[in-house]
Amino acid sequence: MSTIESEVLAAFLERIEASGKISSDVADGLQRMLIRDKLPSAEELARMITAGQGDALA
Amino acid sequence: VIQIDAIHIEEFRGIRELDLQLGSKSFVVWGPNGSGKSGVVDAIDFVLTGRIARLSGTGTGGVSVLRHGPHVYQRDNAESAKVVLTIRDTASGQSGVLTRTVKTAHTFILSPDTAELRAAVALAQDHPELTLSRREIIRYVLAEPGKRQQEVQALLKLERVDQIRRLLVAARKKSSAEFDLSTEEVRTAEAVMRRHLDLFTTTELLGPEVTTAINKRRAVLGLVPLDTIAIDTDLRADISDDGPAFNKSAALRDIRALTTGITEPATLKAATGQLLAALDELTADPDILASLRHHGLVETGISLVDGPSCPLCDLPWPDVQALKAHLQAKLDRSAVATALESQILTAAAAIRAELGSFIGLIQTVCPLAVIDGEGELASRLRVWGADLTSVANSLTTVDAAAAQRQRITTDILATPADVADGLAALQATITAKPDQTATSDAKTFLIVAQERWTRVRLARARRAKASTAQIAAQTIYDTYCTVADEALANLYKTVEDDFSAYYRQINADDESSFRAALEQSGGKLGLSVDFYGIGMYPPAAYHSEGHQDGMGVCLYLALIKRLLGDDFRLAVLDDVVMSVDRNHRRQFCALLKNTFPDVQFIVTTHDEVWARQMQSSGLIGRKSQARFHGWTVDGGPVCDLSGDIWDRIDTDLANDDIPGAAHKIRRYLEAATADLAESLGARVTYRADANYDLGELLTAVKGRHGDLLKKAAASADSWNNTHARQRVQDIKDQRIKVIPAQECEGWAINKLVHNNDWATMGRGDFAPILDTSRQLLELFTCGNADCGSWIYVVGPPGKEDSLRCNCGSYNLNLRCK
């Protein structure tokens, strides 16, 4: 990952965390998945986002 | 970050063996086209990256580093083709040797193999764009906006920014699809529930219709009605778990079936009749039974007959044929027996099936008798059922069927006494009971309703979760786009500003207000540039090709500066600089030298004037050059590696090569006086073909130099600067010594220029010419060995500010107080 790409990703994660609109589980998942060399598939990412919404209603 | 101290190239591309000493300073390789300069660029590209850019991309199909990296004579000996760099890491100050051979191009040898040096090499390896060829510079300028976006993002290593953007788009779509699916699940679950409740409304399922439908069944069961029904309400609340509900009509049907079966067992009687008939036939011929029993034995015996003795009993027979005929007669009789056996077993199976039906009815009626307190009847039914089961299970062989003959003949059912009366009494009792079908239906209704209500609840929960996930995915995507767009906009603004500033520096004389605009939109990167203040247009619209090339170099420098920042310490420019038009070369050299003072530029050019320009401007040191004269397949580049012209001339003299030395000094004087005429602003008669005479140029340069010294003296006097006054006087004194001596030898110079009289000269004749020429040019050269640039005038004619060199060691004020 180049310096510029790292800067964009860091700014994005910081903005996500500061927004308060995304759960900490999802924010952590994004950091974990987007920082690794091999990006996740869209399915993996979507699953992580869904899982991060909790199960209170079920 | 590495810089290059030295290069050793062996059997690589067009080079057999070559050593260049760069000393981590900028360096120029110059010579005519086809002299092997690009082989040096390929070698640097290869040793740093393991690849050769020239051998990849469009139009290079079938060409590879392994097969075409080695010199053509070594094409089957890839190991012999290697490049060795002596490098220096600018961050740690460490030096090392980096070696890569074509045979093992994917790896390299580093000595010493330290973490710092390895990191520096890895950085260079990740940045093949450090090597820029002429054909590449224009791709950023003239590309279509979509392609430019790709090229620029690839150069700036921004592919991942777009990859993540696309990934988030795909994840958002997945989340939306998941939400749509969960919505459909809710719709289906609610439809199933609505159908069960017999509702045809499309209103919210929690409405009063649901409560009404549920409470109606609860009332049948005598349960408390529910006030309201929430998604988590238990619709079965308070239902007693007292076993299966009693169904009167079903019970009466079962009792009647058993009673009818006892009194009118027609099917059973037919089956027993068939069985008894077959058993009678069997009893009538005892041999048939024996045949049946011996059938298998005889069949085996026939297959074992191999002589006139019986294989079963060893009795001797007259011959084999007689023995076999005897056994075959036995088998024929047993065939009749087999058919009879089949009849018996078929009839027995039919009886077993009938008895099974009876047993099933008994097992169904038995609980009814228990419920109604008919314990004795229930007991009798259980015993009877067990008896019938025993009889049915026994009817599986001919012998067993024969053994049951007595039971079958008399009454196979053997219905116990009082069972028929007991069943009649039970039927009467149940007939008198109230009908419980409605309660059973209500209970079943509520149980099913609860299952379906649970399904609705779970489907709604999944939909709610999918909904928040969808919103989250959208928020994530929007946030990323915002951040990425801001970052890229800032980045492109920086690049735009730098690009504009660089271009203005080069073209300060006629485009001092130049500006460029990089506009990102929808995956495209538009570029428009100012055209002499008239408007913003695409680069190719009005600017000349030379200007477009200049823009390409400037944009490349702006991009690479943004990409590497302080790590930008090395660039290889392969014949790139010749794109800059002649009038702006000095400014271009100044741009590289002043804006990127820490960068080692390795430049190739086929233009000698350019090479000298780079040296005179101070971008390239006097000895930091290699001149390629030509190239042969056998020997590779024909080159002159002694960097300084005077060193090369001295070498010629040492070798008694007067013609060589004369040729060099003639060409050098021509080029040097042309440079000096420009840098000092000397006046010569204009020639449209720019083919100025050496003598005319030399006279103009000397005259202008004298005039400038007069201005410097006047300035020193006006400022009463003693030191400056003395400095000017020293230079004048030197002029007085040098110029007459040079003019004294001018006849020889003219001969050198116009004739071939040097052919008759000896070393002694030539030495004074060389000395006076050198001393003359030193008058116009900075004395600082690290600088060595020509002096030049700052300021327009008539308003000259100073006479100075690149490093400032030579600096005379020309302005008076």
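An account of the accompanying structure is given in this report.

Once that is clear, we can look at the overall build of chain B. What chain B contains, in helices and strands, is 27 helices and 17 strands. Within chain B, the fraction of its 817 residues that count as buried is 46%. A separation of at least 24 residues holds for 66% of the contacts in chain B among residues at least 6 apart in sequence. For chain B, the computed accessible surface area is about 38,400 Å², with 52% contributed by carbon and sulfur atoms.

Residues and elements named next belong to chain B. Between helix α13 (residues 375-394) and helix α16 (residues 419-432), whose axes approach to 10 Å, the crossing angle comes to 130°. Viewed along their axes, α13 and α16 adopt a mutual orientation that is oblique. Regarding α13 and α16, the two cross each other, and that crossing is left-handed. Residues Leu377, Arg380, Leu381 and Trp384 of α13 form the contact with α16, whose own contacting residues are Val419, Gly422, Leu423 and Leu426. By residue class, the composition of the contact of α13 with α16 is 6 nonpolar, 1 polar and 1 charged.

Let us look at the pairing of strand β1 (residues 2-12) of chain B. Residue and element names in this part refer to chain B. By the criterion of burial, β1 is predominantly enclosed, with 9 of the 11 residues buried. Of the strand pairs in this sheet, β1 and strand β4 (residues 82-89) are connected by 8 bridges, and their pairing is antiparallel. Bridged to Ala6 within β4 is Thr86. Taken together, the 6 bridges between β1 and strand β2 (residues 15-21) define a ladder with antiparallel strand orientation. Its bridge partner being in β2, Glu10 is matched across the sheet by Glu17. Linkage of β1 to β2, two consecutive antiparallel strands, is achieved through a turn of 2 residues, within which Arg13 is found at a positive phi near 50°.

Let us look at the state of the cysteines. Joining two cysteines, a disulfide is a covalent bond between their sulfur atoms. Going through the model one piece at a time under the given rule, you end up with 0 disulfides over all chains. Lacking any disulfide linkage, Cys805(B) is separated from the closest cysteine sulfur, that of Cys782(B), by 3.5 Å.

As a further point, take the pattern of salt bridges. Residue and element names in this part refer to chain B. A complete count under the given rule lists 28 salt bridges over all chains for this structure. Across the pair Arg118 and Asp113 runs a salt bridge whose closest N-O atoms are separated by 2.9 Å. Given the relative accessible area of 46%, Asp113 is considered partly exposed. In this structure, Asp497 engages Lys493 in a salt bridge whose closest nitrogen and oxygen atoms are separated by 2.9 Å. Placement of both Asp497 and Lys493 in helix α17 (residues 437-506) is noted, with a separation of 4 residues, approximately one turn of the helix. A relative accessible area of 36% means that Asp497 is categorised as partly exposed. Each member of the salt-bridge network shares a partner with another, and the members are Asp162, Arg165 and Asp485.

In this section: the sheet that holds strand β17 (residues 811-813) of chain B. Residues and elements named next belong to chain B. In space, the 3 strands of this open sheet follow the order β15-β16-β17, with antiparallel pairing throughout. In this open sheet, the two edge strands, each paired with only one partner strand, are β15 (792-794) and β17. Strand-to-strand twist of the sheet, defined as the mean angle between neighbouring strand axes without regard to direction, takes the value 20°. Where strand β16 (residues 802-804) lies against β17, 3 bridges are found, and the strand directions are antiparallel. Bridge pairing links Ser802 to Asn813 in β17. On top of the sheet, helix α24 (residues 694-718) reaches β15, β16 and β17; it is set at about 65° to β17, its chief contact.

A separate point is the packing of α17(B) against helix α19 (residues 545-564) of chain B. Residue and element names in this part refer to chain B. Contact geometry of α17 with α19 gives a least axis separation of 8 Å together with a crossing angle of 135°. When the axis of α17 is compared with that of α19, the two are oblique. The handedness of the crossing between α17 and α19 comes out as right-handed. Within the contact between the two elements, α17 uses Leu491, Thr494, Val495, Asp498, Phe499, Tyr502, Tyr503 and Ile506 and α19 uses His547, Gly550, Met551, Cys554, Leu555, Leu557, Ala558, Leu559, Lys561 and Arg562. Here the residues of the contact of α17 with α19 are counted per class, giving 12 nonpolar, 3 polar and 3 charged.

Cut-off values and rules
- Residues numbered from 1 in each chain as written.
- Chains lettered and ligands numbered in written order.
- Predicted model: local features only at pLDDT ≥ 70, side-chain atom pairs only at ≥ 80, totals over all residues.
- Heavy atoms only, no water.
- Helix = DSSP H or I, 4+ residues; strand = E, 2+ residues; numbered from the N terminus.
- Buried < 20%, exposed > 50% of the residue type's maximum accessible area, 1.4 Å probe, protein only.
- Contact = heavy atoms within 4.5 Å.
- Areas by Shrake-Rupley, 256 points an atom, 1.4 Å probe, with all protein chains shown as cover.
- Axes fitted to C-alpha atoms, helices over the stretch in contact; angles between N-to-C directions.
- Parallel < 35°, antiparallel > 145°, perpendicular 65-115°, else oblique.
- Left-handed = near helix turned anticlockwise from the far one by under 90°.
- Nonpolar A, V, L, I, M, F, W, Y, C, P; charged D, E, K, R; others polar.
- Pairing = 2+ DSSP bridges.
- Disulfide = S-S within 2.5 Å.
- Salt bridge = Lys/Arg side-chain N within 4 Å of Asp/Glu carboxyl O.

All quantities given are derived from atomic positions and should not be read as evidence of function.
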